[in-house]
Structure formats: C-alpha cells, structure tokens
Amino acid sequence: DTAVSQTPKYLVTQMGNDKSIKCEQNLGHDTMYWYKQDSKKFLKIMFSYNNKELIINETVPNRFSPKSPDKAHLNLHINSLELGDSAVYFCASSPLILLAGGRWETQYFGPGTRLLVL
Amino acid sequence: KQEVTQIPAALSVPEGENLVLNCSFTDSAIYNLQWFRQDPGKGLTSLLLIQSSQREQTSGRLNASLDKSSGRSTLYIAASQPGDSATYLCAVPPAPGGYNKLIFGAGTRLAVHP
C-alpha cells in the first residue's frame, strides 16, 4: 500500500501549457504539503493545506494554484509553464502539529513528479 | 531566517568504513531536527528525528546527534554498505511558533563502493 502517491511520475511539456499534478495520501493525516526540488537539489516548501485550508504559502508565483478537494488529496495546478518550472515536485503529509505545542511528527513524502518544460 | 548547510556535498568511500555527515543550522531555537534519505528517482524516507530535548537518536547502524547550542547535527553511519548509497538530507523547522514545515539542507551525496 502506497502511503503518499503522486501522478504523473514524469511530465514533459511545452512552455506556456497548463498542467496538473495530483497527490493522494491514505494515512489519515490532516496536513499535506508541496515541495519543489530544483536542479541544485534544494528542497523548498511551496504550500501546505490543513483539512482543505491553506496554511502555508511561500511566495510562490500565482501561476501555481494548489487545490484540496478533501483532506486526503492535494493537487497542484500550474498555468503558463516556464522553463524555470522544471524541477521535481514532492508531495508530503503529516499530522498537523503547531510547533508551539512542542512535539513533532515526521512528514511522509511521495515519490516525486519530474517536470520538464521545453 | 533559518538556513541549513550540509558538509560534505559528496562523499565516496569503500565498503565497511564508518562515516560522519555534518549538518549545521543558523537559528539554534529549533524544536527538532530530522535526517532523511533520498534515493535516485524516489521520494524521501525519514531516517531519524531528534526532538529538541534529546541529544541523539539511534536506528540500527545510524546514529544522529544534536547540539542545539552550536547549531550542529551529525549523522554517523557505521560499517557502511553499498546499499547506503543515497543522498542524505537534514531538515529543521524554520522557527518556533510556526506550522509543520521543514527547511532542508542541500544534502550529502554518498557513494559506497564494494
């Protein structure tokens, strides 16, 4: 059983196109995330949703729009794709833990979607 | 702003060696630190999570230590094996009071050859 799954695994497209990446988790977690890993291998958070509500938005161009139809799914839609959008996009999930509350829970990552914009 | 640095960027060793991977962070007011493993073409797997009240965590041949005051963590791998070849990432939350997001280092790419 796959805990966090993403589709597609690979995505090759032309500049200017619109594309979506889907993510699903079967762990019963409240919170889901999108991270971007660029060519230099830096992983950076983009968005986080808790139970369908946006809680983190890290200065991402508004061409990127996350959508959460329910707490088990968090999709990423990208409009007008640019060359610089080429990267690996990772979805993750975890229980919601406010850091002020102390204890931390790990995040579970999907296998990634490799996006190449030509 | 929290920044995470990992040294070395890459490491190639013969099988059987004991290894130390280093991670440093700029803001010592962290709740915890986490080590992940990333295999090529795959997602991240959590290896060890050290809560701020702990100084180290062990799992099999892996031992991670945390020194908050100096802003450092080390991942010790004993008796390395070719199957340990992967990229190792450390990550911390950005600051107290925030949500559950992680700031990652660039990783150490490890190759263990027979």
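Right above here is the structure, for reference.
Only a predicted model underlies this, so the values are computations on that prediction, with no experimental measurement involved. (Residues numbered from 1 in each chain as written. Chains lettered and ligands numbered in written order. Predicted model: local features only at pLDDT ≥ 70, side-chain atom pairs only at ≥ 80, totals over all residues. Heavy atoms only, no water.)

Q: What's the story with the overall build of chain B in this structure? I'm lost.
A: Looking only at helices and strands, one finds zero helices and eleven strands in chain B. When the elements of chain B are put in sequence order from the N terminus, they spell out β-β-β-β-β-β-β-β-β-β-β. With respect to the three principal axes, the spread of C-alpha positions in chain B is 45 × 30 × 20 Å. Burial status across chain B gives 46% buried among its 114 residues. Just so you have it, chain B exposes about 5100 Å², and 50% of that area is on carbon and sulfur atoms. In chain B, 9 side chains carry a positive charge and 8 a negative one; their mean positions are 6 Å apart. (Helix = DSSP H or I, 4+ residues; strand = E, 2+ residues; numbered from the N terminus. Buried < 20%, exposed > 50% of the residue type's maximum accessible area, 1.4 Å probe, protein only. Areas by Shrake-Rupley, 256 points an atom, 1.4 Å probe, with all protein chains shown as cover. Lys, Arg positive; Asp, Glu negative; His and termini not counted. Charge placed at Lys NZ, Arg CZ, Asp CG, Glu CD.)

Q: What is the right way to read the state of the cysteines from this model?
A: Covalently bonding the sulfur atom of one cysteine to the sulfur atom of another cysteine gives a disulfide. Evaluation of the coordinates by the stated rule reveals two disulfides over all chains. A sulfur-sulfur distance of 1.8 Å marks the disulfide that ties A:Cys23 to A:Cys91. Taking the torsion about the sulfur-sulfur bond, which here is approximately -75°, the covalent link between A:Cys23 and A:Cys91 counts as left-handed. Within this pair, whereas A:Cys23 is found in strand E3 (residues 19-25), its partner A:Cys91 is found in strand E9 (residues 87-94), the two being separated by 68 residues in sequence. For the pair shown, A:Cys23 and A:Cys91 are each scored as buried. Across the disulfide, B:Cys23 is cross-linked to B:Cys90 (sulfur-sulfur distance 1.9 Å). Disulfide B:Cys23-B:Cys90: torsion about the S-S bond near 75°, hence right-handed. Of this pair, B:Cys23 sits in strand E3 (residues 19-25) while B:Cys90 sits in strand E9 (residues 86-92), and the two are 67 residues apart along the sequence. (Disulfide = S-S within 2.5 Å.)

Q: I tried to follow the side chain of A:Gln37 on my own but got confused; where do I start?
A: Considering the arrangement of structural elements, one finds A:Gln37 in strand E4 (residues 31-37). Only 3.0 Å separates the side chain of A:Gln37 from the side chain of B:Gln38, close enough to count as a polar contact. When residues no more than four places from it in sequence are discounted, the contact partners of A:Gln37 are A:Phe42, A:Leu43, A:Ala87, A:Val88, A:Phe90 and B:Gln38. (Polar contact = N/O pair within 3.5 Å; in protein donor to acceptor, adjacent residues only side chain to side chain. Contact = heavy atoms within 4.5 Å.)

Q: In this structure, what is going on with the pairing of strand E6 (residues 53-57) of chain A? I would like to understand it.
A: Every other side chain in a regular strand lies on the same face of the sheet, so the side chains alternate between the two faces. All names here are of chain A. Pairing of strand E5 (residues 43-50) with E6, which is carried by four bridges, proceeds in the antiparallel orientation. Residue pairing for E6: Ser48 is matched across the bridge by Ile56. Counted along the chain from E5 to the antiparallel partner E6, the turn is two residues long, and its residue Asn51 has a positive phi close to 50°. (Pairing = 2+ DSSP bridges.)

The values are spatial; any link to function lies outside them.
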